[in-house]
Amino acid sequence: MSLAASDTLIAIGGTDLMNAIVDNHEAPMVISSVMKQNCTERGRRIVERGMDVAAGSAICRGEKNYLANGYTSLPIAITVEGANIMTRSFQIIGQGLTRCHPHMLELIQSLQMPADKEKEAVEIFTKQFYKVLGHGVSNFGLSVTRGLGSTVSTAFRSKTAYKDGDKLVEYHEKQLLRLSANFAMTADLCFTLGGRLKFEELLMGRLADALGAIFLGYSTLHHYQRRRGVAGLEAITEHAMLRLETEAQDALKVASDNFPGPLGPVASLVMKAGCFPLGNLTRPYKEPNDTLTKEVARLVTTPSELRDMFAEGIYTAPEGVTHQVSDLMRALPICVEADKIATALRREKRDPTQDEADKIAQAEALRDVLIQVDVHDYLTEAEGREGYVRPALLGTEERLAALDRKSFAA
């Protein structure tokens, strides 16, 4: 549940920031691709984990199955406007390296200038080429210094430091700045591949993973700042940020181990020296610990302000109208309270009062209703007709009739 919860927070944070960008009349095509690929993939994981929780009721189709339609429609989100594998392995980095680099676009344009402007083109090309080199050297320096600083701050950070919202934001902003420098330096190294880069889907996919994690990290912090004050938001934000930073770090590590091209070994050494100057010591990010994971799971599975925040965008049917999700949401606080009463009765070894017995009975009645699945007498119109026999049984009857032996008896 904690993984699904933090993935949901990441997707909501990314959506909020993307909407703010679009509302500002901007059209960031690379970030659009990052959002499409990441949010649909995380959405797939969220629904799959929901299937684990709902278990058998998630495969019994009908009005009481609130997951099946979402599950079966996931391939639409994954493949529309280009499958995610293309978006991740080609589009994000293929567009981003040229469109988002501060000097590369002018350098490319100088190569396309007409022959009568050759002298001007050479001057522009030379100027921009040295700027590209300077940009790479600068990113290398930032990558090393920020990497060392981030390693020290992570090593001495308390496991409960996230409970202070100011320290939470300050720490993770520094980690994202470090990862941004790592990514920028790696992007500069990609130019050593020239035109071959567009055929290196594995490298571009890993860099897309790193870029996506960095952008969604900033989105998550943006969401935290906007919704700050919700009890439990610090815990789930910390959980999400640790996961994103680990994703970015691991993607860059694998990319450095497998940097392709004739200059691949050299580029790999430069990348490792810049991103991880002290080897494993400068790869400090890890998945959230069990204590934090349990805390997030508790917050989203019991009545809390955090759970209420997630429920804001969910349709709730009026009282008395059968709607599985609405009924589940309304039943949760009643069932949680009944469980607390039952626990207290066992611990105190006493019989319940009338109010306690009524509360337990109400919870049991709600549970009995909510675990029911839709029952169908038949699946198709043909099966409902009198005398219908399944085709598989007809075939079996015909094959048995053609055999000499009518049974398996000796």
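Relevant structure appears above.
Conventions used here
- Residues numbered from 1 in each chain as written.
- Predicted model: local features only at pLDDT ≥ 70, side-chain atom pairs only at ≥ 80, totals over all residues.
- Heavy atoms only, no water.
- Disulfide = S-S within 2.5 Å.
- Buried < 20%, exposed > 50% of the residue type's maximum accessible area, 1.4 Å probe, protein only.
- Helix = DSSP H or I, 4+ residues; strand = E, 2+ residues; numbered from the N terminus.
- Phe/Tyr/Trp six-rings, centres within 6.5 Å; stacked < 30°, edge-to-face > 60°.
- Lys NZ or Arg CZ within 6 Å of the ring centre and 35° of its normal.
- Salt bridge = Lys/Arg side-chain N within 4 Å of Asp/Glu carboxyl O.

Engineer: Whenever I open this one, the state of the cysteines confuses me. Can you help?
Structural biologist: Disulfide: a covalent bond formed between the sulfur atoms of two cysteine residues. For the structure on display, the rule yields zero disulfides. In this structure Cys39 is not part of a disulfide, and its nearest cysteine sulfur, from Cys100, lies 18 Å away. Not engaged in a disulfide, the cysteine Cys275 finds its nearest cysteine sulfur in Cys190; these two sulfurs lie 11 Å apart. Residue Cys275 is classed as buried on the basis of its relative accessible area of 0%.

Engineer: Please clarify how the environment of Val53 should be interpreted in this entry.
Structural biologist: Mapped onto the fold, Val53 is located in helix α2 (residues 29-54). Sequence spacing of Val53 and Met1 is 52 residues, and the spatial spacing of their C-alpha atoms is 8.5 Å.

Engineer: What exactly am I supposed to notice about the packing of aromatic side chains here?
Structural biologist: Two descriptors summarise a pair of aromatic rings, namely the distance from one centre to the other and the angle between the planes of the rings. Taken as a whole and judged by the stated rule, the model has two aromatic pairs. Judged by centre distance (6.2 Å) and plane angle (10°), the ring pair of Phe125 and Phe129 falls under stacked. Here Phe125 and its partner Phe129 are both found in helix α6 (residues 118-155), four residues apart, which amounts to about one turn of the helix. Using a relative accessible area of 30% as the deciding quantity, one classes Phe125 as partly exposed. With relative accessibility at 38%, the residue Phe129 sits in the partly exposed group. Ring pairing ties together the aromatic residues Phe125, Phe129 and Tyr130, which thus form one cluster. Its guanidinium or amino end placed over the ring of Tyr171, Arg157 lies 4.0 Å from that ring's centre, counting from NZ or CZ.

Engineer: Can you walk me through the pattern of salt bridges in this structure?
Structural biologist: Pairs can form between side chains of opposite charge once their charged atoms are near each other. Taken as a whole and assessed by the stated rule, the structure comprises 22 salt bridges. In this structure, Arg42 and Asp7 form a salt bridge, with 2.9 Å as the shortest nitrogen-oxygen distance. On the criterion of sequence distance, the pair formed by Arg42 in helix α2 and Asp7 in helix α1 (residues 2-23) is long-range, its members being 35 residues apart. Each member of the pair, Arg42 as well as Asp7, is classed as buried. Among the salt bridges present, the one from Glu319 reaches Arg330, with a minimum N-O distance of 3.3 Å. In this pair, Glu319 is assigned in the loop between α12 (305-310) and α13 (324-348) and Arg330 in helix α13, connecting sequence segments 11 residues apart. Judged by its relative accessible area of 65%, Glu319 falls in the exposed class. Using a relative accessible area of 25% as the deciding quantity, one classes Arg330 as partly exposed. Overlapping salt bridges, with partners in common, bring together Asp7, Arg42, Arg45, Arg49, Arg243 and Glu247 in one network.

Engineer: Sorry, what's going on with unusual backbone geometry here?
Structural biologist: Residues other than glycine predominantly adopt negative phi, and peptide bonds predominantly adopt the trans conformation. Even without being glycine, His25 reaches a positive phi, approximately 65°. Within the secondary structure layout, His25 lies in the loop between α1 and α2. Residues other than glycine seldom take positive phi values, yet Lys349 does so here, at roughly 55°. For Lys349, the position within the fold is in the loop between α13 and α14 (354-370).

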